[in-house]
Amino acid sequence: MEIINEPEITEIEERNVAYVSFVGNYLGNTKVFEDLCGKLLSWAGPKQLMGPDTLLVSAYYDDPGVTPPEELKLDMCMTIEDDIEVEGEIKKKKLPGGKYVVMRAELTGAEEYGPAWEKVVEWLIQNNLEIDMSRASYEIYLNSPEEHPEKHHIVDICMPVK
């Protein structure tokens, strides 16, 4: 894991997203993410909704240290314009903005996501900040690992703070 930008407090704007939900143990299960992403992109592709500014985001609602694995909630999201219609499993909502600790990291694989989140939590503790559990935490995916020469994941880890 390479930290590209150290954690810092950032104001994130609210975003319109289309999303698919999952409830269950997603920890270390790359297939869950691939399936959700596949559903979202196969919906968005024919509608030509994937533009250069489109963000793919995972939104997390629970603390895996407290919530039983089978009850963990996750939304795989992509940013959309407000007037886009959704159907079937694809829903839409606004992801809340506000004050977040954001850390950009380059991860060599899925196994480094956990340690990256731990780094953000350590930083919060060192800086006497409190997690705002009323808002989701995010991973914003900044590249396609398939297109990276070493298959690395470049991601912003975003945790809401009070």
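Just above, that's the structure.
Model, not experiment: these values are computed from the prediction.

Student: Just give me the short version of the nonpolar core, but keep the residues and values in it.
Tutor: If you look at the biggest cluster of nonpolar residues, it comprises 35 residues, and the most contacted ones within it are Phe 33, Trp 43, Met 76, Met 78 and Tyr 141. Secondary structure elements with two or more residues in this core: β2 (15–23), α1 (30–44), β3 (56–60), β4 (73–79), β6 (98–107), α2 (113–126) and β8 (153–160). Counting residues per element, this core draws most heavily on α1, which supplies 7 residues. With residues near it in sequence (within four places) discarded, Met 76 still touches Ala 18, Tyr 19, Val 20, Phe 33, Leu 36, Cys 37, Leu 40, Val 57, Ser 58 and Tyr 141. Within the second largest apolar cluster, 13 residues are counted, among which are Ile 12, Val 17, Tyr 138 and Cys 158.

Student: A description of the environment of Pro 160 should follow, citing residues and the corresponding values.
Tutor: Checked against the element boundaries, Pro 160 lands in strand β8. Judged by relative accessible area, Pro 160 falls into the buried class, the value being 0%. Pro 160 sits 63 residues away from Gly 97 along the chain, and the two C-alpha atoms are 8.7 Å apart. With near-sequence residues (within four places) excluded, Pro 160 lies in contact with Lys 99, Tyr 100, Glu 130, Ile 131, Asp 132, Arg 135, Ala 136 and Ser 137.

Student: Break down α1 for me, with residues and values.
Tutor: For α1, built from 15 residues, the straight-helix expectation of 21 Å at 1.5 Å per residue is met to within 8% by its first-to-last C-alpha distance of 21 Å. Looking at α1, one finds that the buried residues are Val 32, Phe 33, Leu 36, Cys 37, Leu 40, Trp 43 and Ala 44. Axial view of α1: buried residues confined to an arc of 130°, hence all on one face. Structural note: α1 exposes Glu 34 and Ser 42 on the side pointing more than 90 degrees away from its buried face. Summarising the contacts, the buried residues of α1 are in contact with β2, β3, β4 and β7 (137–141). Residue Asn 29 occupies the N-cap position of α1, its side-chain oxygen lying 3.2 Å from the main-chain nitrogen of Lys 31.

So, how was this worked out
- Residues numbered from 1 in each chain as written.
- Predicted model: local features only at pLDDT ≥ 70, side-chain atom pairs only at ≥ 80, totals over all residues.
- Heavy atoms only, no water.
- Core = buried A, V, L, I, M, F, W, Y, C linked by side-chain atoms within 4.5 Å.
- Buried < 20%, exposed > 50% of the residue type's maximum accessible area, 1.4 Å probe, protein only.
- Helix = DSSP H or I, 4+ residues; strand = E, 2+ residues; numbered from the N terminus.
- Contact = heavy atoms within 4.5 Å.
- Expected span 1.5 Å × (residues − 1).
- Arc of directions from axis to C-beta.
- Polar contact = N/O pair within 3.5 Å; in protein donor to acceptor, adjacent residues only side chain to side chain.

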